[in-house]
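In case you want the letters, here they are:
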Amino acid sequence: MNEMISGAEALVRSLIAEGVDTIFGYPGGAIIPVFDCLYDYKEQLHHILMRHEQGAVHAAQGYARISGRTGVVVVTSGPAATNVITGLADAMMDSTPLVVITGQVGSELLGSDAFQETDVIGITQPITKWSYQIRNVEDLRWAVPRAFYIASNGRPGPVVLDFAKNAQCAKMEWRGYKKCHFVRTYEPSPAISEYDVDTVAHMIDAAQRPLIISGHGVEIARGEVELARLAEKAQIPVTTTLLGLSTIVADSPLFKGMVGMHGNVAANVAIGECDLLVAVGMRFDDRVTGDPKHFATQAKIVHIDIDSSEFGKIIKPTATIHGDARAALAMLADRVAVARHDEWLASFDKAWQVENEKVVGPELDDTSRITMGRVARKVAEAAGKGAVLVTDVGQNQMLSARYFKYTAPRSIITSGGLGTMGFGLPAAIGAKIGDPSRTVCFFTGDGGLQMTVEELGVILQHGVNVKIILLNNNFLGMVRQWQTLFYNRRFSETQLVNPNFVMLANSYGIPAEDVETLGQLDGAVERMLAHDGAYLLNINIDPEELVYPMTPAGAPISTILLNKDEKYEH
């Protein structure tokens, strides 16, 4: 007879067998048996005690996004389980692989409103790929392998296992761990149609003004090399979504910027001028398309995605390729003809010039104040190759994403689809733990930082080396921007009375300094990056500074505000 162990220990051994080395979590009554077992497996499983369960999920997201591995979270029941909901929704929107394990009251108490009982399955089913309640210890044998398989295969996403306490304590015969390689009702990576690839290859060969939009799916599939090979062979300019940034290096002559509401002028203008648009691993989010009726009206549209439910959901494609982005790009690169599009590529220069003259130039020429764009440029240049940008949400997100210099894949971690304020600090912690070799530069606003500021305690306890760049304007900056532009400057409930952030950081053992003038910026950035450990710069930003370019919500993507007085329409 094999060894008899508890369900809690079987879970811990299963995680180790899946190759998990780091868990983010928070203990509590309904999950104590699992944490008690972790005590005996400290060498194999490194647990990071977060300060809030939402922070645990965001940290696991940062870990997963930088490493390409599945992030793991373990929390207790009741309020702990409800606290992970925001992170689950964020991971679902941004296709991040997670396995989140919640404690639950004993199965004999389910439905009785027992202490800290919550209907975790009912709450999480709409925002996860799969949710399952383990009521019987024997269910562990198939539920854990299935959870990891579903989370990480196909279009990734979060999975929840709700682990009843009786199943944690019950004994089972340990027969080893068998990974899952197949689920009968789930086809994660469909075979790519040769006919579809040939069709799209012919369309690319026939196009005079082709354009690629590279999305997060390219990063997930690790298709950066294949994207570059296709673009270079056929001389196709490449734009990206927010989450697609770093799928092509920033200094590539074929990279034409980010598309969307705060995208680059050249990228957005090209959408209206191209005759073929190849969208890879993206879902035509409204922040990308603007008014969909006016999106790429002159172009045939090709949509490449592993999730066929995205085809035609917002933009109707002329042709599709259903499958893994990396494989599809490789097949296309093999089939397309060598081409040149010199005139088309040169046409981007005018739009770049407009943006440089009307947006970038004024930001860099203004020596009377520190601008957000100038800060982002300085940090990116000083951080050097391989640096990772983690952002919170808002003005800090848009400016840092636009100005950061991406030199390697998986170099931006941000909340895209859900736009979760408070995402950034725990995600930066998870990213640094996921790849300690890379410099993690975390840009945040004063509003977003205070939503999960308690996670500074994790930096204190675990010595996580995160560089924190706080763009502090004493406002909820992006909401204030909309109030400025569209609500007659009626600043309703957006002004913040903030703490002394330098003193706050120091109380957590983090060196920090205020940066109030432009002359202080270079030295402060150099000191931050030279310091061996976490560091915070509290950079005082003019609250009147707005993020441009900007396409107003619901407008055609070609309607671009360059500043408060000028509009670029093409």
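Look above for the structure.
Below: a short report on this structure. (Residues numbered from 1 in each chain as written. Predicted model: local features only at pLDDT ≥ 70, side-chain atom pairs only at ≥ 80, totals over all residues. Heavy atoms only, no water.)

## Quick word on the overall build of the chain
Tallying secondary structure elements over the chain gives 24 helices and 22 strands in all. Of the contacts formed within the chain by residues at least 6 apart in sequence, a portion of 75% connects residues at least 24 apart. Accessible surface, the chain as shown: approximately 22,100 Å² in total, 50% of it carbon and sulfur. Put simply, the chain has 49 plus and 65 minus side-chain charges, and the middle of one group is 3 Å from the middle of the other. (Helix = DSSP H or I, 4+ residues; strand = E, 2+ residues; numbered from the N terminus. Contact = heavy atoms within 4.5 Å. Areas by Shrake-Rupley, 256 points an atom, 1.4 Å probe, with all protein chains shown as cover. Lys, Arg positive; Asp, Glu negative; His and termini not counted. Charge placed at Lys NZ, Arg CZ, Asp CG, Glu CD.)

## Focus: the packing of helix 1 (residues 7–17) against helix 7 (residues 140–152)
When two helices pack together, their arrangement is captured by the angle between the axes and the distance separating the axes. Packing of helix 1 against helix 7 leaves a shortest axis separation of 11 Å and a crossing angle of 35 degrees. Of the two possible hands of crossing, helix 1 and helix 7 adopt the one that is right-handed. Along its contact with helix 1, which presents Gly7, Ala10, Leu11, Ser14 and Leu15, the element helix 7 presents Leu140, Val144 and Phe148. For the contact of helix 1 with helix 7, the class distribution of residues is six nonpolar, two polar and no charged. (Axes fitted to C-alpha atoms, helices over the stretch in contact; angles between N-to-C directions. Left-handed = near helix turned anticlockwise from the far one by under 90°. Nonpolar A, V, L, I, M, F, W, Y, C, P; charged D, E, K, R; others polar.)

## A short note on the sheet that holds strand 10 (residues 238–240)
Ordered by their spatial adjacency, six strands build an open sheet running 11-10-9-12-13-14, and the pairing between neighbours is parallel. With partners counted over all chains shown, the strands left at the sheet margins are strand 11 (255–258) and strand 14 (319–322), one partner each. The mean angle between the axes of side-by-side strands here comes to 20 degrees, regardless of whether they run parallel or antiparallel. Relative to strand 14, strand 13 (residues 300–305) runs parallel, the two being bridged by four bridges. When the sheet's bridge partners are listed, Ile304 is paired in strand 14 with Ile321. Seen against the sheet, helix 11 (residues 224–234) touches strand 9 (210–214) and strand 10 and runs at an angle of roughly 170 degrees to strand 9. (Pairing = 2+ DSSP bridges.)

## Remarks on the side chain of His341
By the secondary structure assignment, His341 is in the loop between helix 14 (325–335) and helix 15 (342–346). His341 gets classed as buried once you look at its relative accessible area, which sits at 9%. A polar side-chain atom of His341 sits 3.4 Å from the main-chain carbonyl oxygen of Ala234. Discounting chain neighbours no more than four positions away, the residues touching His341 are Ala207, Gln208, Pro210, Ala234 and Gln235. (Buried < 20%, exposed > 50% of the residue type's maximum accessible area, 1.4 Å probe, protein only. Polar contact = N/O pair within 3.5 Å; in protein donor to acceptor, adjacent residues only side chain to side chain.)

## Details of the nonpolar core
Ile204, Ile212, Leu332, Val375, Phe443, Ile469 and Ile539 are the most contacted members of the largest nonpolar core, which has 69 residues in total. Not counting the four nearest positions on each side in its chain, Ile204 is found in contact with Ala234, Ile236, Leu276, Val278, Leu332 and Val336. Listed in part, the 50 residues of the second largest apolar core include Val75, Val100, Ile468 and Phe501. (Core = buried A, V, L, I, M, F, W, Y, C linked by side-chain atoms within 4.5 Å.)

## Some points on the sheet that holds strand 2 (residues 22–26)
If you trace the six strands from one edge of the open sheet to the other, you get 3-2-4-5-7-6, paired in parallel fashion. The outermost strands of the open sheet, each flanked by one partner alone, are strand 3 (46–49) and strand 6 (130–134). With direction set aside, neighbouring strand axes in the sheet form an average angle of 20 degrees. Both strand 2 and strand 3 contribute to a ladder of four bridges, which runs parallel. Bridge pairing in strand 3 links Phe24 to Ile48. Sheet strands touched by helix 1: strand 2, strand 4 (71–75), strand 5 (98–104) and strand 7 (158–164). Its angle to strand 7, the strand with the most contacts, is close to 155 degrees. Contacts from helix 7 reach strand 4, strand 5, strand 6 and strand 7, with the element oriented near 165 degrees to strand 6.

## Concerning the packing of aromatic side chains
Considering all chains together, one arrives at 10 aromatic pairs under this definition. Aromatic side chains Phe475 and Phe491 sit 6.1 Å apart centroid to centroid with 70 degrees between the ring planes, which places their arrangement in the edge-to-face category. Of the two residues, Phe475 is situated in the loop between strand 18 (467–472) and helix 22 (477–486) and Phe491 in the loop between helix 22 and helix 23 (501–507); the sequence distance between them amounts to 16 residues. Put simply, the rings of Trp130, Tyr132 and Trp142 touch in pairs and so form one group of aromatic residues. Across the ring face of Phe475, the terminal group of Arg480 is positioned such that the distance to the ring centre comes to 4.5 Å. (Phe/Tyr/Trp six-rings, centres within 6.5 Å; stacked < 30°, edge-to-face > 60°. Lys NZ or Arg CZ within 6 Å of the ring centre and 35° of its normal.)

## Quick look at unusual backbone geometry
In this structure, Pro549 follows Tyr548 across a cis peptide bond, with omega equal to 0 degrees. You will see that Gln235, though not glycine, has its phi angle at about 50 degrees, which is positive. With phi around 60 degrees, Arg489 is a residue other than glycine that occupies positive phi space. Mapped onto the fold, Arg489 is located in the loop between helix 22 and helix 23. Accessibility expressed as a relative area gives 40% for Arg489, which makes it partly exposed.

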